[in-house]
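# Descriptive analysis of the structure
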Amino acid sequence: MTAPPVKRPSTTTAGTGQAGSRHHAPGTPTTIIIDPDDDPDVTAAALNAHSPTGGRITVHPTPGASHPPGLAQDVLTALGKRLPGHDPHVPRHHSSWADMVQPAWTAAASWINAHRVGHLIVLRAHTLTPTRWEHLGTLRARTGIRLTLVWHAKPDAHLQARTAKLGTAHQEIHDLDTVRARFHQKGPVRPGPPRNAGESPRDSSSTELRQTRDIQQVGHPLHAGLLAAQTLAPDATAAQLAAVRLADLAPDATALALPHPPYRPTSTPRWHRAPAWTQPLLTAARAWHYLSGHPHDSHHLFQHTNFHHHNQLTGIAAALGIHAAIEQLTGDPAWPTPPDTH
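What counts, and where the lines are drawn
- Residues numbered from 1 in each chain as written.
- Predicted model: local features only at pLDDT ≥ 70, side-chain atom pairs only at ≥ 80, totals over all residues.
- Heavy atoms only, no water.
- Helix = DSSP H or I, 4+ residues; strand = E, 2+ residues; numbered from the N terminus.
- Core = buried A, V, L, I, M, F, W, Y, C linked by side-chain atoms within 4.5 Å.
- Buried < 20%, exposed > 50% of the residue type's maximum accessible area, 1.4 Å probe, protein only.
- Contact = heavy atoms within 4.5 Å.
- Expected span 1.5 Å × (residues − 1).
- Axes fitted to C-alpha atoms, helices over the stretch in contact; angles between N-to-C directions.
- Parallel < 35°, antiparallel > 145°, perpendicular 65-115°, else oblique.
- Left-handed = near helix turned anticlockwise from the far one by under 90°.

This part takes up the environment of Asn-48. Its place among the elements puts Asn-48 in helix α1 (residues 40-48). For the pair Asn-48 and Arg-180, spaced 132 residues apart in sequence, the C-alpha to C-alpha distance is 9.6 Å.

Our focus in this paragraph is the nonpolar core. Among the nonpolar cores identified, the biggest contains 69 residues, and Leu-120, Trp-133, Leu-136, Leu-149 and Leu-256 are the most heavily contacted of them. The element contributing the most residues to this core is helix α3 (residues 101-114), with eight residues. Each residue touching Leu-136, except ones within four places of it in the same chain, is listed here: Leu-71, Trp-105, Leu-120, Val-122, Leu-128, Leu-147 and Leu-149. Judged by nonpolar contacts, the second largest core, of eleven residues, contains Val-42, Ala-49, Ile-121 and Val-150.

Turning our eyes to something else, we now look at helix α10 (residues 279-291). In this model, α10 (13 residues) spans 18 Å end to end at C-alpha, consistent with the 18 Å of a helix rising 1.5 Å per residue. In terms of burial, α10 is largely enclosed, as 13 of its 13 residues are buried. Trailing α10 by a residue or two, Gly-293 shows a phi angle of about 85°, which is positive.

Attention shifts here to the packing of helix α2 (residues 70-78) against α3. Two numbers describe how α2 lies on α3: the axes approach to 8 Å, and their chain directions differ by 25°. When the interaxial angle is binned, α2 and α3 end up roughly parallel. As for the relative orientation of α2 and α3, their crossing is left-handed in sense. When α2 is examined against α3, the residues Leu-71, Ala-72, Val-75 and Leu-76 are found in contact with a partner set consisting of Ala-104, Trp-105, Ala-107, Ala-108, Trp-111 and Ile-112.

Written out as structure tokens, the structure reads:
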């Protein structure tokens with residue numbers, strides 16, 4: 001799965017944020033589908049509209065899931081991402097990123113941007129807490145996604161209180177034919193070429209094809225992006241990967257530069273062409289930084305938060321049969337910081 005090296009793209013004045021976020025459509029209101037009789041046809045129509053490759057995902061919230069990031073995890077699952085197992089006995093500071101509210105929602109927003117999803121449909125909205133409605137409103141504000149919520153009950157004061165959490169105008173729809181048409185609407189048109197996340201490398205072995213598929217299902221954008229980068233340059237060292245800056249990823253994610261010692265911004269890097277299947281993964285890693293408020297070009301693309309998350313990545317790589325460039329750590333720092341990179 002090694003891609004041949006390429007010359008530096010002429011458009012790599014990256015870091016402006018154009019690939020880390022999308023042009024929003026603030027005038028697009030949120031749609032509330034009113035389904036007072038809990039009509040099975042409404043639920044079926046919403047589920048039939050689910051088409052990640054078509055830019056639409058339908059989320060059926062996990063019944064009874066009360067843990068705070070539960071809805072974010074449902075969104076990630078609908079996006080085709082595999083999440084780490086949850087262990088309630090693990091101390092909070094060692095818990096998985098997916099078990100924490102902010103990282104889970106930031107990951108969801110990153111993947112929505114990277115996979116160019118434009119429409120999110122959420123069933124059972126009447127069972128969601130006001131906080132989760134607020135989270136959905138924040139997700140819409142961060143991604144510009146079209147949001148459709150299905151209220152399977154009669155309109156009441158609870159609906160009014162929850163719509164106030166959205167931070168945007170909304171419209172209600174009651175007619176079933178209109179509902180079906182609305183479910184199949186696409187989201188706001190965004191710039192950039194379409195990316196086929198399901199594309200696999202040609203002339204590859206069954207093992208490589210499996211690894212390609214598995215990497216695309218990794219839930220954390222930084223983990224998925226790093227593993228994708230390793231397929232471009234299997235001989236890359238941990239120091240090289242740690243030195244990759246946001247500006248070292250082409251704006252359209254079609255090429256990635258790996259620096260050489262002494263890892264200074266002025267050093268001449270070697271560019272590697274990124275096949276289509278890796279582009280959403282690298283884009284999601286970059287989006288993570290922009291959505292986390294760290295978009296400066298000198299920041300490192302694959303910077304991790306702590307050694308537990310770092311070690312979680314080594315476990316994922318081992319499970320996928322990939323020899324990761326990094327090794328298990330027993331303490332901080334989580335990720336090698338190359339000298340002279342700032």
